[in-house]
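Coordinate analysis (summary)
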Amino acid sequence: MLKNAFFNVYTKFKLHFYQEIFRRFQDREASLTTVETFCMETIQALGSPTVNEFATFMRISPPNAAYKVNSLVKKGYIRKVQSPDDRREYHLEVTQKYIDYYNISTSYMVQVMDRIANRFSPEECAKLEEMLTVVSRELMPEVDIPEANIPES
C-alpha cells in the first residue's frame, strides 16, 4: 500500500507539470526538449555546477555535456559564469527564463504543501518532514545533491 500511495503522489506531481506545460504551450512550440528539461532540472538541483560536474553526475561525456549546455545557453535558460577561484572554469547558472518555466511545477508543490499544513497537525507535519528528510539523506544515496531551498509561499 505504501508503494502505491507514494507512486500515486509522485505521478500526480509529474502529470500536473505536464498538464501545465501543455496548457501554456498549446498555441506555440515549447522551447525546451524533454532531454533539455532533464538537463535543466539537474543543473538547478546541483546548484551551479561546472560542465564537468554536470557531465559526471549525468554519466555522459564532457563533450556531450558541453553540446547540451551550449544549446541551453543559446536558448537563454542558463549562463556560464567564470569562477573567481579558477579563471579557466565556468559554473552554470539558471536564468530567470528557466526559473519562470520551473515555477510551473514548484508552485503546485507549494500549493500541495500548504494543503498538507492545513489538513494535518503540526506534529504530523513534523513527522512527515522528518521521514522525508531521512528518505532524502539516508535512503537515496545514489543521488547526491545539495539540499533544496524552496521559497515559502
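Scroll up for the structure.
The paragraphs below set out a description of the structure included in this document. (Residues numbered from 1 in each chain as written. Predicted model: local features only at pLDDT ≥ 70, side-chain atom pairs only at ≥ 80, totals over all residues. Heavy atoms only, no water.)

1. A word on the overall build of the protein
The condition that has to hold: By definition, any uninterrupted DSSP run of H or I lasting at least four residues is a helix, any uninterrupted run of E lasting at least two residues is a strand, and each is numbered from the N terminus. Under the scheme applied here, a residue whose accessible area is under 20% of the maximum for its type counts as buried, over 50% as exposed, and between as partly exposed, the area being computed with a 1.4 Å probe on protein chains only. Every residue pair with non-hydrogen atoms within 4.5 Å of one another is taken to be in contact.
Per the secondary structure count, the protein includes six helices and two strands. The N-to-C order of helical and strand elements in the protein reads α-α-α-α-β-β-α-α. Across its three principal axes, the protein shows a C-alpha extent of roughly 50 × 40 × 30 Å. Within the protein, buried positions represent 25% of all 153 residues. For the protein, contacts bridging at least 24 residues in sequence account for 53% of all contacts bridging at least 6.

2. Regarding a nonpolar patch on the surface
This is how it is decided: For patch detection, residues must exceed 30% relative accessible area and be free of salt bridges, and they are connected within 9 Å for like charges or within 5 Å for nonpolar side chains (Val, Leu, Ile, Met, Phe, Trp, Tyr). Each accessible area value is a Shrake-Rupley result obtained with a 1.4 Å probe; residue values ignore everything except the protein chains displayed when judging cover. Any carboxyl oxygen of Asp or Glu within 4 Å of a side-chain nitrogen of Lys or Arg constitutes a salt bridge here.
Taken together, the side chains of Val134, Val135, Leu139 and Met140 define a hydrophobic patch exposed on the protein surface, amounting to about 320 Å² of accessible area. Within the secondary structure, Val135 sits in helix α6 (residues 122-138).

3. With respect to the packing of helix α2 (residues 34-46) against helix α4 (residues 62-74)
For clarity, the threshold we go by: Angles shown run from 0 to 180 degrees and are taken between the N-to-C directions of axes, each axis being a line fitted to C-alpha atoms and, for helices, limited to the stretch in contact. When describing relative orientation, an angle under 35 degrees is termed roughly parallel and one over 145 degrees roughly antiparallel, while 65 to 115 degrees is termed roughly perpendicular and anything else oblique. Under the convention adopted here, Pro, Cys and the residues Ala, Val, Leu, Ile, Met, Phe, Trp and Tyr are nonpolar, Asp, Glu, Lys and Arg are charged, and Gly plus all remaining residues are polar.
Direction vectors running N to C along α2 and α4 enclose 90°, while the axes themselves pass 11 Å from each other. By the criterion of interaxial angle, the relationship of α2 to α4 is roughly perpendicular. Seen from α2, the contacting residues are Val35, Glu36, Cys39, Met40 and Ile43; seen from α4, they are Lys68, Ser71 and Leu72. Grouping the amino acids of the contact of α2 with α4 by side-chain chemistry returns five nonpolar, one polar and two charged.

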